[in-house]
Amino acid sequence: MKAYRNMAAALAHDFRVSWQQLLKTHLLYELIAAILLVPVGALLLNLVLWLLGNPALTDEDILLFALNPLGAVVLVAVITLGVAIFSLRNLALIWIGYRAAHNHRSNYILALTFVNHHFWGVVRYVGVVVFRVGLRVVPYLLLCAATVYLLLDQYDINYYLSERPPEFWWALGLIVLFTVVLLWKLWGLLISWIFALPLVTFRGKKPAAALAHSETLTRGYRIEITAFLLAWLAFAVLVYLLSYGLFGVLVHWGTSVFFLSGSESWTASAALVLLMILGALINWSASFVVTASYCLLIARLYMQFRIRHYGQPKAINTKPATNFTRVLLSRIFPRRRFTGIHIFAGLLVALGFASAISAELFGNLKPEDRVGIIAHRGASYDAPENTLAAIELALQQGADTIEIDVQQTLSGEILVIHDRDLKKVSGADTQVRDLTADDLARFDVGAWKGISYAGERIPTLQQVLDAVKGRAQLFVELKYYGHEQGFEQGVLALLDGTGMQDSAHIISLNPRGLAAVRALDDGYQLGLLTSVKLGRMLDMDVDFFLVNRVMATRGLVKAAQKRGKRLVVWTINDDVEMSAMISRGVDGIITDRPDLARHVLDRRRELTLAQRALVGFAEVFDRSIDLPEWLEAD
């Protein structure tokens, strides 16, 4: 325990001596990385997309892209760039910490200069590290892929995810075992290579030599280093939990005092501004403390281990630079000396002005919610998915649009069913593509949801069109399982024959399928389903995008709408999260519970703009609040 107390005292000393320079360096380097380095990755990605002739890659295309040689090279380059950005920032902080350990004061300008001097050396070092780590990761990925192929390929993946048969648990257990082994190997590399970055930059060693030298320095002491890193990890978790909890307390205060108590709208606006500013400060401060403490720890450990092996090492001798910030302020305000109190007071004044302006501009706004409620496979929370019963219930529950999945049978008919087989919905070990529509009509696909739905059958697309026409819009998702013949033509023929060209929209995960529909008939609205993206997704030749909740950021929503395209989010079944998504401005919410979505929309009409934003904060930080009064069902 004495060693830990001594290390904690040493780190506290180093932080006390250098925290100002650490803070400036951390902030400046994040700005430099955002301005100069991050766009390099975007430029590289866009160059590849230009060579491929695509504006963007989504879901399936990304997987295929990563598996070809060009994609693998780009993936490695992007990973290398990301790790390099991280390493360069850490190098600057380690440099400051190393000087602080020798009681030498540093300057953030010199730290950035030092990093710039060793820029290409660090990039080469990161390249070597990424390559060596990749040699460990590739076999792991192959083992996981083989496990999924051998154990989970007989039926549709949705069956395994919902029913979780024994083979699912075997596959999960094997993948967990492979993951534990990989993490153990990577942790060993982290420990043995922990001093490689300082050796590359402080001692001028080549990357391979630095890795080997670091292994030599740590040999026999890896348990000790592991203990220090685990202690730091515990400290980092504690810092983030405290910051999260602190902001949660602020959100609780804001929502309960200014929202649930029925306060005036201007107070809710002021609370919103305070929460945004304080949240940003708390989050950034936690990130700084965790990052700085890690870099100070590496600097101290490096110094101690150099002493153990070679005696007292010399500090990096660099003359301190002029404090340019102080010179600039002294020239602007020659007769004024600014202290931390002045700065803090100025921030409070600025905060007050921001709150007042926000209250004046936004306090009484009650914007109209223009969002469509889209029933995911019908009212699938209460009724069996993709059945006429689920579709009829969704219409009764107030859905604006019904979303269904369609695929081809053996004889070419278009049926409404999601999975490639019937294992989940009927228990039958049968592929849809192996039977005709008449054969498939024998299976009960409703009893699994409840006895009241026993006897439900797989509907044809024509049956669904007849049920929905004139009552709601329709999203028709094209499901591709590799056996389709004239699939798109068949779907369009049914839609045209029913006269639903204006109310039916085609969606799919497969951009090539959507392109085929566009070539056949450009009169239909097309939507691309995706959960990840690379490149300029908004340049793709579709009319709207259907994304998951993670991708549905306010920035993407606004960017899509600015381009004249809509953004729909899937699949949201929680009342508070629905309200948060509506506040972001999404054009549609896909949900299994259209009745709940309709209820949320009705309740939101009673709220101001600021109150709606506070609901969004509560969705993330404080779900314990009884928000909820206005969301409760009648």
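Our subject is the structure that appears above.
Residues numbered from 1 in each chain as written. Predicted model: local features only at pLDDT ≥ 70, side-chain atom pairs only at ≥ 80, totals over all residues. Heavy atoms only, no water.

Draft legend 1. Geometry of empty space enclosed by the protein. By the definition in use, this model includes 1 cavity of 30 Å³ or more. Taken as a whole, the largest cavity holds about 60 Å³ of empty space. For the largest cavity, the full set of lining residues is Glu385, Asn386, Thr387, Val416, Ile417, His418, Val425, Val445, Trp448, Ile458 and Pro459. Per-class residue counts for the lining of the largest cavity are 7 nonpolar, 3 polar and 1 charged. (1 Å grid on protein atoms, 1.4 Å probe; cavity = no way out; pocket = protein on both sides within 12 Å on 5 of 7 lines; lining within 4 Å. Points joined across faces, edges and corners; volume = space filled by probe spheres on them. Nonpolar A, V, L, I, M, F, W, Y, C, P; charged D, E, K, R; others polar.)

Draft legend 2. Focus on the nonpolar core. Of all hydrophobic cores here, the largest spans 61 residues; its most connected members are Ile402, Ile404, Val406, Leu474, Val491, Ile506 and Ile589. Of all the elements, helix α14 (residues 388-396) adds the most residues to this core, at 6 residues. For Val406, the residues in contact, after removing those within four places along its chain, are Ile414, Leu415, Val416, Ile417, Leu461, Val476, Glu477, Leu478, Lys479, Phe487 and Val491. By size, the runner-up hydrophobic cluster in this structure holds 57 residues, among which are Val200, Phe202, Leu211 and Val290. (Core = buried A, V, L, I, M, F, W, Y, C linked by side-chain atoms within 4.5 Å. Buried < 20%, exposed > 50% of the residue type's maximum accessible area, 1.4 Å probe, protein only. Helix = DSSP H or I, 4+ residues; strand = E, 2+ residues; numbered from the N terminus. Contact = heavy atoms within 4.5 Å.)

Draft legend 3. Up close: the packing of α14 against helix α17 (residues 461-468). One way to put it is that α14 packs onto α17 with a least axis distance of 11 Å and a crossing angle of 20°. On the basis of their axis angle, the class for α14 and α17 is roughly parallel. Our pair here, α14 against α17, has a crossing hand that is right-handed. Every residue of α17 that contacts α14 at Leu388, Ile391 and Leu395 is listed here: Gln463, Val464, Ala467 and Val468. (Axes fitted to C-alpha atoms, helices over the stretch in contact; angles between N-to-C directions. Parallel < 35°, antiparallel > 145°, perpendicular 65-115°, else oblique. Left-handed = near helix turned anticlockwise from the far one by under 90°.)

Draft legend 4. Looking closely at helix α19 (residues 511-520). Residues of α19 that are buried include every one of Pro511, Gly513, Leu514, Val517 and Arg518, and no others. Looking straight down α19, one finds that the buried residues subtend no more than 160° of arc, so they occupy a single side. (Arc of directions from axis to C-beta.)

Draft legend 5. Main features of the pattern of salt bridges. All told, the structure shown has 11 salt bridges when counted by the stated rule. Ionic pairing is found between Arg442 and Asp439, a salt bridge with its closest N-O pair at 3.3 Å. Taking the relative accessible area as the measure of exposure, Asp439 reaches 25% and is therefore partly exposed. One salt-bridge network, in which partners are shared between bridges, spans Arg377, Glu385, Asp405 and Lys424. (Salt bridge = Lys/Arg side-chain N within 4 Å of Asp/Glu carboxyl O.)

Draft legend 6. Local environment of the packing of aromatic side chains. On inspection of all chains with the given rule, the structure shows 15 aromatic pairs. Geometrically, the ring pair formed by Phe202 and Tyr302 is edge-to-face, given 5.8 Å between the ring centres and 65° between the ring planes. Taken as a pair, Phe202 in helix α8 (residues 196-202) and Tyr302 in helix α11 (residues 265-310) lie far apart in primary sequence, 100 residues in all. Ring geometry for Tyr480 and Phe487: centres 5.4 Å apart, planes at 80°, overall edge-to-face. Aromatic ring contacts, followed pair by pair, group Trp95, Tyr98, Phe114, Phe195, Phe202, Tyr221, Tyr302 and Phe305 into a single cluster. Looking at Arg566, its charged tip hangs above the ring of Phe544, at a distance of 4.6 Å from the centre. One cation-aromatic arrangement involves Arg593 over Tyr381; the distance from NZ or CZ to the ring centre is 4.4 Å. (Phe/Tyr/Trp six-rings, centres within 6.5 Å; stacked < 30°, edge-to-face > 60°. Lys NZ or Arg CZ within 6 Å of the ring centre and 35° of its normal.)

Draft legend 7. Seen up close, the pairing of strand β7 (residues 526-530). Along β7, 5 of the 5 residues are buried, which leaves the element largely enclosed by surrounding structure. The side-chain alternation of β7 yields two buried faces, one formed by Leu526, Leu528 and Thr530 and the other by Gly527 and Leu529. Where strand β6 (residues 504-508) meets β7, 3 bridges bridge the pair, whose relative direction is parallel. Of the residues in β7, the one forming a bridge with Ser508 is Leu528. Assessed by its sense of winding, the connection that carries the chain from β6 through α19 to β7 is right-handed. (Pairing = 2+ DSSP bridges. Right-handed = clockwise from strand over helix to strand, strands pointing away.)

Nothing here speaks to function; it is geometry throughout.
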